[in-house]
Amino acid sequence: MPQAAATISGIQRMVLYETRARYFLVGTNQAQTKHRVLKIDRTEPKDLVIIDDKHVYNQQEVRELLGRLDLGNRTKIGQKGSSGLSRALSAFGIVGFVRFLEGHYIVLITKRRKMADIGGHSIYKIEDTSMIYIPNDSVRVTHPDEARYVRIFQNVDLSSNFYFSYSYDLSHSLQYNLTLLQRPFELWSSPTSSTEEEVQKQSKHDSFDIFEDEGLPTQVVYGLQNEPYYKYVWNGKLLERVKDIVHHDWLMYIIHGFCGQSKLLIYGRPVHVTLIARRSSKFAGTRFLKRGANCEGDVANEVETEQIINDASVMSLTAGSYSSYVQVRGSVPLYWSQDISTMMPKPPIRLDQSDPYAHVAALHFDQMLQRFGSPIIILNLVKKREKRKHEKILSEELYPAVLNLNQFLPPENCIDYIAWDMARYTKSKLCNVLDRLSMIAENVVKRTGFFSNRSDFYCHTIRPDDRWGDLGGHITASGRVQTGVLRTNCVDCLDRTNTAQFMVGKCALAYQLYALGMIDKPKLQFDTDCVRLFEELYEDHGDTLSLQYGGSQLVHRVKTYRKIAPWTQHSKDIMQTLSRYYSNAFSDADRQDAINLFLQVYQPSESKPHLWELPTDFYLHQKNSMALPQDRRSYTLWWSAGILSYLPVAYDEVSCEDNMKKIQVKRVNRFEESIDIYTEFFKPYELTSFDDTFGIAMTNSAREFMPKTVGVDPSPFTVRKPEETGKSVLGNKSSKEETLLQRKTAASAPPPPSEEAISSTSEDDSEEDRDDDGSVSQRSTPIKLLTETGESTRTQEEIQQQSVKEPYGLNLAEFPAEKDLLIYQRFAHLGESQHRVERTERINLANIICLEPVSCFPEDSIYGLSPPQVDRDSREEFESHVLMGQGQLRVLCREDMLMYREYVKNRYM
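Let us look at the structure shown here. (Residues numbered from 1 in each chain as written. Predicted model: local features only at pLDDT ≥ 70, side-chain atom pairs only at ≥ 80, totals over all residues. Heavy atoms only, no water.)

1. Overview of the overall build of the protein chain
A tally of regular secondary structure across the protein chain gives 28 helices and 25 strands. The 909 residues of the protein chain split such that 48% are buried. Sequence separation of at least 24 residues holds for 72% of the intrachain contacts in the protein chain that already meet a minimum separation of 6. For the protein chain, the exposed surface amounts to about 46500 Å²; the carbon and sulfur share of it is 53%. (Helix = DSSP H or I, 4+ residues; strand = E, 2+ residues; numbered from the N terminus. Buried < 20%, exposed > 50% of the residue type's maximum accessible area, 1.4 Å probe, protein only. Contact = heavy atoms within 4.5 Å. Areas by Shrake-Rupley, 256 points an atom, 1.4 Å probe, with all protein chains shown as cover.)

Written out as structure tokens, the structure is:
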């Protein structure tokens, strides 16, 4: 069967040329060998007229075309100047076309920055954009409110966390993109049009096949053009006007959220850790203005987070080793809101609409079953006990809704519901929050499994691990597939949710590294370079998502729940809380208007009231409030048709007819530029600097986290003390005193909880694992606190002694003791005598070796040695130790019982 490959966009750079009557957008591929031209009419005051020239030009042809256009648009034949064809700007892609009350605008990406690389597919972040008005000034019909709409639209900062790729579908997960390449496309390949045949002939002429002259068949590859998942696409409405007019290479879909990538070096072997967060464009908005769900089942603050682990030594999606794990956060899927007119830090929660049959929750979980499969696991972190009922209202409504939906599902595909009051556990001194979360994470990952495109290693069979055998998911011929997903929520889905997702991601990371053959057991401990790198990624991820939805960074972090956060963190938490309150009270309304306008939820018109005149945007997001629904969904068969027959596998990843209609398949030569990811990534036609490559600038575990001390184990899975790391795990502080105070705070962390305190939390994990996690997460580090005056009076000699002692384990500057010198002299004398023995033929020990015994042995020399005498008590102790190893226990005496009672009294009483 021929291989399949994702199609690379043929337009990655573009130049906008303008005349008085038209804009000419000339797009080219990265190698600048193929060009396309888009003609935009400027004489229409309000309509958008675009002509896509279907012809593919080479470099010479496009120069001649631009020359003819320049010559034809001059007022006089010999004139040179601005009246002909002028170059407006260079760009890297089209965000879309938008219209308010006058003519249309085109939004172009003018700056980009590479953020990640997945199998040679580059992911870019938008750095700057340009918004250009299309109609000419001579035909422009001005409107007094146009400028205000432009300002509102530009309040959506496109240079802040918007991402795109020319060859990788960011709206879908890695599991979807890789399983898509394994579908049987022989039956679905579409016939090529005459225009595409010309392009293929031209490309075949440009890239020759060495086997063609030998009479061997040319190797064919299926080029795939997939339809994006529009829920996570943010410019889908902006491209809707031109989607059916222009070639698909002009269309570039962007996502909003977070993208970060770091390099984990395992004894020099590079492993890329990538974190991608996709924010939903449905029911999108700010914290207090978007709560709960709308009538279509879309929830507020819905973000899909995917962690991708791949062996970077092999750069290929098909030949490399890849693994991914997906989890979701989102608001509680009910009709609820909070009234912000009272100017309270925590406005009261109110249920806006009764939903006795859980209709809106059914719509939401139907979407999740279709995209992720089963089981859907809900981790609800809202409070259970409150003096005044606040968060508890949501739990009291969500749990009956889940029970109602589960009674109609098959038992093996039911929705799992886990309710855990994380805030209450945090305040308790006896309970460790992260230990409990690690137990939940272990249970969740075992249920859902994870994606891996490689089958299990043979070493997993000969050295089986108990956890690996219980792992869930769907096992295929080429690896594993994640079935189901964890859906985490609190009230805001920010602080508590991010910590819970980090713990689940940490557990999944251990399984992913184990599946790729990087570690010998699927377990990772805190305070290792690997987990510190992963924690930093997740904190950046949490800060970014919190800024987008809540207006401030995270208030409570992983260190807060580990209870190793410095005392200065409390003042920062207060500042973040005040920043969040200010943003929610004063700026969220303007941000919400900008999001509504950007996503085209509201489209300005002369016949409608202006956006700023609307008292609420409720009717914009709740479509059933403006018109009655045409079809009523069943309350019992609440899922879409065809989903149950494929569970636990997600319906979207099945090779059925509905899914195959979303894919354009084209047979191409394997040397065709549109699928050649090698040329796309390495750019052999271009001179590049090694220092400027993305891999050098990427965060590196060996450079950023590994200690710089000689003789330290370079493994990123070795537990290190806070002072040993190459990068401060507690944050970059300006003064040494603050860092020492941080370490003291870490040293004063409470001990791990007793077995009784956590025995009721979970039965899924073993006692040994519980003790391991507790000892690591609450490890105390005894470090002396130095005052500022003591630090300044430190002599240079003491610093040198400490620097010498650190790598060698002893202080070489001190003079040896007299006893050590005597031993060394005897050793030297023994060496000299040994050389004399080698020179003489007859050996007389009395003349050569004259040593006094240095031990309690009766005879002590290099020639003879008598064994030491062992007393009776020691012999009995050793014999009992051997018998215990063989399973034979001796009877405990009275002294042993007294010793054990004293131990229990000191430990537990």
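The rest of the description comes next.
2. Some remarks on the sheet that holds strand β24 (residues 663-669)
Strands sit in the order β1-β11-β24 across an open sheet of three strands; the sheet is mixed. Across the chains shown, the open sheet's two edge strands, defined by having one partner strand only, are β1 (4-6) and β24. The mean inter-strand angle of the sheet, taken between neighbouring strand axes irrespective of direction, is 35 degrees. Alignment of β1 against strand β11 (residues 220-226), held across three bridges, turns out to be parallel. Among the inter-strand pairings, Ala4 is bridged to a residue of β11, identified as Tyr222. (Pairing = 2+ DSSP bridges. Axes fitted to C-alpha atoms, helices over the stretch in contact; angles between N-to-C directions.)

3. A closer look at the sheet that holds strand β4 (residues 35-41)
Read from one edge to the other, the open sheet built from five strands follows the order β5-β4-β3-β2-β6, with strand pairing classed as antiparallel. Unpaired on one side and paired on the other, β5 (50-57) and β6 (86-91) mark the two borders of the sheet. Each strand axis lies, on average, 20 degrees off the axis of its neighbour in the sheet, ignoring direction. Strand direction decides the pairing type here: strand β2 (residues 13-18) and β6, joined by five bridges, are antiparallel. The residue bridging Leu16 from the neighbouring strand is Leu89, located in β6. Docked against the sheet, helix α1 (residues 59-72) engages β2, β3 (22-28), β4 and β5, running at close to 140 degrees with respect to β5.

4. Describing the environment of Gln664
For Gln664, the location among the structural elements is in strand β24. For the pair formed by Gln664 and Asn226, sequence separation is 438 residues and the distance between their alpha carbons is 6.3 Å.

5. Some words on α1
With 14 residues, α1 ought to run about 20 Å at 1.5 Å a step, and its terminal C-alpha atoms sit 20 Å apart, in line with that. Every buried residue belonging to α1 is among Val62, Leu65, Leu66, Leu69 and Asp70, and all of these are buried. On an axial view of α1, the arc spanned by its buried residues comes to 135 degrees, and they lie on one face. Exposed residues on α1 whose side chains face more than 90 degrees from its buried face are Arg63, Arg68 and Gly72. Those residues of α1 that are buried lie in contact with β2, β3, β4 and β5. The opening residue of α1, the one whose side-chain oxygen lies 3.3 Å from the backbone nitrogen of Gln60, is Asn58. (Expected span 1.5 Å × (residues − 1). Arc of directions from axis to C-beta. Polar contact = N/O pair within 3.5 Å; in protein donor to acceptor, adjacent residues only side chain to side chain.)

6. Considerations on the pairing of strand β15 (residues 322-329)
Among the eight residues of β15, eight are classified as buried, and the element is accordingly described as predominantly covered. Burial along β15 is two-sided: the residues Tyr322, Ser324, Val326 and Val328 and Ser323, Tyr325, Gln327 and Arg329 are all buried. Sheet analysis places β15 next to strand β20 (residues 451-452), joined by two bridges and oriented antiparallel. Bridging across to β20, Ser324 finds its partner in Phe451.

7. Some remarks on the packing of helix α11 (residues 495-515) against helix α12 (residues 529-550)
Running from N to C, α11 and α12 cross one another at 140 degrees; their axes reach a closest spacing of 10 Å. One way to sum up the angle between α11 and α12 is to call them oblique. At the point where α11 passes α12, the crossing takes the right-handed sense. Facing α11, whose interface residues are Asn498, Gln501, Phe502, Gly505, Lys506, Leu509 and Leu513, α12 presents Cys530, Val531, Phe534, Glu535, Tyr538, His541 and Gly542. Here the residues of the contact of α11 with α12 are counted per class, giving seven nonpolar, five polar and two charged. (Parallel < 35°, antiparallel > 145°, perpendicular 65-115°, else oblique. Left-handed = near helix turned anticlockwise from the far one by under 90°. Nonpolar A, V, L, I, M, F, W, Y, C, P; charged D, E, K, R; others polar.)

8. Thoughts on helix α2 (residues 146-153)
Taken as a whole, α2 has its buried residues at Glu146, Tyr149, Val150, Ile152 and Phe153. Down the axis of α2, the sector holding all buried residues measures 160 degrees, keeping them to one side.

9. Looking at the nonpolar core
Of all hydrophobic cores here, the largest spans 56 residues; its most connected members are Tyr325, Trp420, Leu437, Val445, Phe502, Leu513 and Leu524. A per-element tally of this core places α11 first, with twelve residues. Ranked by size, the runner-up nonpolar core spans 34 residues in total, among them Val326, Ile376, Trp639 and Val654. (Core = buried A, V, L, I, M, F, W, Y, C linked by side-chain atoms within 4.5 Å.)

10. Observations regarding the environment of Leu369
Locating Leu369 in the fold gives a position in helix α5 (residues 359-372). You can call Leu369 buried: its relative accessible area is 1%. Sequence-wise, Leu369 and Ser640 are 271 residues apart; in three dimensions their C-alpha atoms are separated by 9.2 Å. When residues no more than four places from it in sequence are discounted, the contact partners of Leu369 are Ser374, Ile376, Trp638, Ile643, Leu647, Ala650 and Tyr651.

11. Some words on unusual backbone geometry
For the bond running from Ser374 to Pro375, omega is 10 degrees, close enough to zero to count as cis. Cis peptide bonds are those with omega within 30 degrees of zero, and the linkage from Leu647 to Pro648 qualifies with 10 degrees. Counting through the fold element by element, Pro648 comes out in the loop between α15 (618-621) and α16 (657-660). In this structure, Phe283 is a non-glycine residue whose phi angle is positive, near 55 degrees. For Phe283, the position within the fold is in the loop between β13 (269-279) and β14 (303-311). With relative accessibility at 9%, the residue Phe283 sits in the buried group. With a phi angle near 55 degrees, Ala358 is a residue other than glycine that sits in the positive phi range. Within the element layout of this structure, Ala358 appears in the loop between β17 (349-351) and α5. The exposure class of Ala358 is buried, given its relative accessible area of 3%.

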